Amino acid sequence: MDDLIRRAAKDLAAARNVAALTGAGISIESGIPPFRGKGGLWERYDPMEFAIDALMRDPAKVWKLFVKELKEPLDRAKPNEGHKGLVKLEARDKLKTIITQNIDGLHQAAGNTDVIEYHGTFAWQRCMDCHKKYETRKVDISEIPPRCECGGILRPNIVFFGETIPAQAIRRSRQAAADCDLMLVVGTSAVVQPAAMIPGIAKDNGAKIVEINPERTPLTDDISDYLIMGGAGEVMNRIVAAMD
Ligand SMILES: [Zn+2]
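Residues numbered from 1 in each chain as written. Predicted model: local features only at pLDDT ≥ 70, side-chain atom pairs only at ≥ 80, totals over all residues. Heavy atoms only, no water.

Engineer: Which residues make up the coordination of the zinc ion, and what values do they have?
Structural biologist: Geometry sets the ideal angles at a metal, namely 109.5 degrees for four tetrahedral donors and 90 or 180 degrees for six octahedral donors. Bound to the zinc ion on the protein side are Cys-127 (SG), Cys-130 (SG), Cys-148 (SG) and Cys-150 (SG), at distances that span 2.3 to 2.4 Å. Between the 4 donor atoms coordinating the zinc ion, the angles at the centre fall across 104 to 119°, so the site counts as tetrahedral. All donors of the zinc ion belong to a single chain; written as a sequence motif, their spacing is C-x2-C-x17-C-x1-C. Taken together, the positions of Cys-130 in the loop between β4 (120-127) and β5 (133-135) and Cys-148 in the loop between β5 and β6 (154-158) put the pair 18 residues apart, joining distant regions of the chain. (Donors = N, O, S within 2.8 Å, 3.2 Å for Na, K, Ca; no water. Tetrahedral: all angles 85-135°; square planar, octahedral: opposite > 155°, others 65-115°. Helix = DSSP H or I, 4+ residues; strand = E, 2+ residues; numbered from the N terminus.)

Engineer: Help me get a handle on the sheet that holds strand β7 (residues 182-186), residues and values and all.
Structural biologist: Within the open sheet, the 6 strands sit side by side as β3-β2-β1-β7-β8-β9. Their pairing is parallel. Looking at strand neighbours, the two that pair on one side only are β3 (115-117) and β9 (226-229), the edges of this open sheet. Across the sheet, the mean angle from the axis of one strand to that of its neighbour is 20°, orientation sign disregarded. As judged from the 5 bridges shared by strand β1 (residues 18-22) and strand β2 (residues 95-100), these two strands associate in the parallel manner. Across the sheet, Ala-20 pairs through a bridge with Ile-98, a residue of β2. (Pairing = 2+ DSSP bridges. Axes fitted to C-alpha atoms, helices over the stretch in contact; angles between N-to-C directions.)

Engineer: Please set out the packing of aromatic side chains residue by residue, giving values where relevant.
Structural biologist: We describe a pair of aromatic rings using the distance from one ring centre to the other and the angle between the two ring planes. Enumeration according to the criterion identifies 8 aromatic pairs in this entry. With a centroid separation of 5.3 Å and an interplanar angle of 80°, the aromatic rings of Tyr-45 and Phe-50 are classed as edge-to-face. Of the residues examined, Tyr-45 reaches a relative accessible area of 13% and is grouped as buried. Exposure remark for Phe-50: the relative accessible area of 4% places this residue in the buried category. Members of the aromatic cluster, each reached through a chain of ring pairs, are Phe-35, Trp-42, Tyr-45, Phe-50, Trp-63, Phe-66, Phe-122, Phe-160 and Phe-161. (Phe/Tyr/Trp six-rings, centres within 6.5 Å; stacked < 30°, edge-to-face > 60°. Buried < 20%, exposed > 50% of the residue type's maximum accessible area, 1.4 Å probe, protein only.)

So this is what it looks like as structure tokens:
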């Protein structure tokens, strides 16, 4: 692993335009459960319970789930060493853009400035009637479902099942992937489309793909130049230390 850490530090030092693709694995150390996989929300819930149709049908019921499973964990969550490592790479003028599949807003909370949120963000709510936005931490949940000052029901500013990913997010992330000369893939197996195509676009345009994951993924053999196996926080810390 030491060799791979040194190799990543060297590759990052040589890179001029780094992009990062992140997923649930980077936020686990902040106490945020993933949706998929072991310990994930989908072990306990049918994803359709979190769908926009369900919210329209019974907003109070679905909002109770949001509060318990998303709002409370996210209100408590703080960026971890994995997020902070990416902030350090931006401060060194290496990292330009983060493409994240996460909805927790922790990259921005950590201090990264250009974050493309593929699936939107739970850090903000929007009114279903007038589209006014509210910061989730400040939303009054003494009455469920929470409402806008216009009386409309609030919904998370996320991309639900059955909704389309904003065209701008797709366009910008394709561009970031095509422009980078090194892509860090952190805490995601990138099996979910359309995020799954992003590392391939980077590779086709000549970028190195450096994967940081606790286990091998479908990317490891086909796309990644190498995999540094481990948790995002520890690995990022070691890479940044090796760059010094
Ligand atoms: Zn409203």
